[in-house]
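Descriptive structure summary
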Amino acid sequence: MTAISHGAMSSASQSGWWSRNERKLIPYIFLAPFLLTFLVFTVYPAVDSFLMSFQRVRGLDNYEYVGMANYERLVTKDKRFHTALVNGAEFAAGTVLIQIPLALAVALLLNSPNVRFKVLARLAFFAPYITSAVVVGWIFTLVFEERYGLLNAALASIGIDRIGWLKDKNWVMPALIILGLWTWVGHHSLFFLAGLQNVPDDLKEAARIDGANTARVFWHITLPFLRPIFVFVTITGLIGSFSLFGQPFLLFDSGSGPQDSGLFPLMYLYFMGFENLRMGYASAIGYLLTVIILIVTGIQLLLFRIWKV
Amino acid sequence: MARKANSSSVTKPNKVNVLFLNSLVLIGIILTAVPFIYMVTASFRSQGELYSLPVTIMPREVVGQNYPKLFDDTHFILWYGNTIFTSSIRTALGVYFAALAGCAFAKYQFRFKRFFFFLVLATLTLPFHVLLIPLFIMMINFGWVGDYLAIIVPGIVGAFNIFLMRQYIESVPDELMDAARIDGASEFRIFHSVVIPLVRPALGVVAILTFVNTWNDFLWPLIVLNDPKKYLLTIGLATMDGPFDVEIGAIMAGSFLSTLPIIFIFVLMQRQIIAGLTQGAIRG
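The rules behind the values
- Residues numbered from 1 in each chain as written.
- Chains lettered and ligands numbered in written order.
- Predicted model: local features only at pLDDT ≥ 70, side-chain atom pairs only at ≥ 80, totals over all residues.
- Heavy atoms only, no water.
- Contact = heavy atoms within 4.5 Å.
- Buried area = accessible area lost by both parts, 1.4 Å probe.
- Polar contact = N/O pair within 3.5 Å; in protein donor to acceptor, adjacent residues only side chain to side chain.
- Nonpolar A, V, L, I, M, F, W, Y, C, P; charged D, E, K, R; others polar.
- 1 Å grid on protein atoms, 1.4 Å probe; cavity = no way out; pocket = protein on both sides within 12 Å on 5 of 7 lines; lining within 4 Å.
- Points joined across faces, edges and corners; volume = space filled by probe spheres on them.
- Helix = DSSP H or I, 4+ residues; strand = E, 2+ residues; numbered from the N terminus.
- Domains from an automatic or database assignment.
- Salt bridge = Lys/Arg side-chain N within 4 Å of Asp/Glu carboxyl O.

On to the interface of chain B and chain A. In this assembly, 102 residues from chain B lie in contact with 96 residues from chain A. For the pair chain B and chain A, the summed buried area comes to about 8900 Å², and 81% of that belongs to carbon and sulfur atoms. Where chain B touches chain A, the interface holds eight residue pairs in polar contact (both at pLDDT 80 or more). Partitioning the side of chain B that touches chain A into residue classes produces 74 nonpolar, 20 polar and eight charged.

This paragraph deals with empty space enclosed by the protein. Taken as a whole, this structure holds one cavity of 30 Å³ or more when the rule is applied. Ile130(A), Thr131(A), Ser132(A), Val135(A), Trp215(B), Asn216(B), Leu233(B), Thr234(B), Leu237(B), Ser258(B), Thr259(B) and Ile262(B) together form the lining of the largest cavity. Every element with two or more residues in the lining of the largest cavity is listed here: helix H11 (200-216), helix H13 (233-238) and helix H14 (248-283) of chain B.

Another aspect to go through is the domain arrangement of chain B. All names here are of chain B. Domain assignment breaks chain B into domain 1 (7-66) and domain 2 (72-283). The C-alpha-based centres of domain 1 and domain 2 are spaced at 33 Å. Across the boundary between the two partners, domain 1 contributes nine residues, which contact eight residues of domain 2. With both chains or domains summed, domain 1 and domain 2 bury close to 830 Å², and 74% of this area falls on carbon and sulfur atoms. Contact with domain 2 buries surface across domain 1, with Met 39, Gln 47 and Asn 66 losing the most and accounting together for 55% of the total. At the junction of domain 1 with domain 2, the criterion picks out zero salt bridges. For the interface between domain 1 and domain 2, the tally reads one residue pair in polar contact (both at pLDDT 80 or more). Those elements that provide at least two residues to the side of domain 1 that touches domain 2 are helix H1 (15-42) and helix H2 (47-50).

Another aspect to go through is the side chain of His188(A). Residues and elements named next belong to chain A. Here His 188 lies in helix H8 (residues 169-196). At a separation of 3.3 Å, a polar atom in the side chain of His 188 contacts the side chain of His 187. Ignoring anything within four residues of it in the chain, the contact list for His 188 reads Gln 99, Ile 100, Ala 103 and Val 233.

Its boundaries defined by the atoms lining it, the second largest pocket holds a volume of some 480 Å³. Around the second largest pocket, the lining is made up of 20 residues, and of these Val143(A), Leu150(A), Leu151(A), Ala154(A) and Leu31(B) lie nearest the centre. Only helix H6 (133-144), helix H7 (150-156) and H8 of chain A together with H1 of chain B provide two or more residues apiece to the lining of the second largest pocket. For the lining of the second largest pocket, the leading source of residues is H7(A), giving five residues. In terms of residue class, the lining of the second largest pocket is built from 19 nonpolar, one polar and no charged.

Spelled out as structure tokens, the structure:
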């Protein structure tokens, strides 16, 4: 900061070298905080993490190079990691197949000129998203409680027996997907709603005059305009699915649920790195996870590109 | 989750249809609101009532003991202050730095500009968890574990914020900046007295987004903070059933109080917040 204030002062007092070069140099000074923190807190740790993923780390100063051993173990042997990936994939499937279509439906609903309560709806649908994962976790411990929970009480009133949402390993994923719906459907729908405002009315009108029915207008005009929104919500939804942490961490009492049914990759990384202190192994999890996310994101982008054509 | 859209109603409104659509929206609102309402009402109930049948949304007996218990048995008020402190500092600095960087990208020509912008986009896509372990080790080496520097400094210049600021600052007319230059203003002066005043609403949006994110952050504070007195709200709440051993009613009281400012900010600024958030996605 001293260099910056010095520069600003001298430009005011003397019209020398600085004032001639100020405009050329100032962007670098403007970018300095970003570049500095980026180098120190992103580039360096990313490289460090990469190197560490080829090491066995015991404690904080006992490092041993083990080649691909960490990755090999993760890919071929580590059942818990595989479970975490499958859980992430299941949650992601729930996101793409249930959350996003539902969000689009809600957005279309809110976009209808006949619907009221829009301000209230916007407020309500966004509130879960800005609530911290910890609070959401605590609220849903009460919702999913087996004997005295809100959800089972509601189900009992229509004659459905108690479900062990957090205790029965087969019900953990449905429970988490319900939690996901509550948290993200509204948020995604507001994105779709913003996208819908971008669809030109005269284009829809023209298509209607040409005899296209509502379904065709929706399919051929509205939907293509929503493409960037689809790209955004599926990609963020996917990354979010594999990095789910706070909600299951709270729901399962800092654990991973019955038989790891609530274990997600980022949680596994946390358990390995910070509870078992196997930092090298945890680094390998981080990198492998990143590669998996990048590949899946790439496939998605490719699919969306095909859709465009 | 009985929400369905009937898109045909957009063109031909009839009474039954309109009623149907509106009740769907209302059901959606109620389903979203009930868990929040339950959180608030649970904070006024005894443990005995919460774990007994029948399950009701409203308290059968209103009990005020959860709030004093929360304040006496935990460091809740301390956590509240800590969270306000760290979130505010991180927001103020983060917004300022993001605006600086955004201004560089929007208003100046320089070497490596494209490369630097590529770096910004790259950090947007790089998942944070890759950095978790080495960043923690770095915090140990810096002696920042248990210190708010670990919360405030890493990642203070958010890539998404730079991205947003760049888009907003692009709309500032070059003529105004040039006029100030002719008057002999330094580039910093132009930034502070021409650019900043014109993008104040955008700064507000970026500030709120940063503030809410910091307020709600859980994993990183969980890793780097170790003194219960220095905890932030999220970690404090998460550990309440452990070391502090308070009842669920008090936990709900804490959850409610910790969510209040965020909801309040959102009610005041919802239009701007949603516009700011969705802008990036729409442009693709």
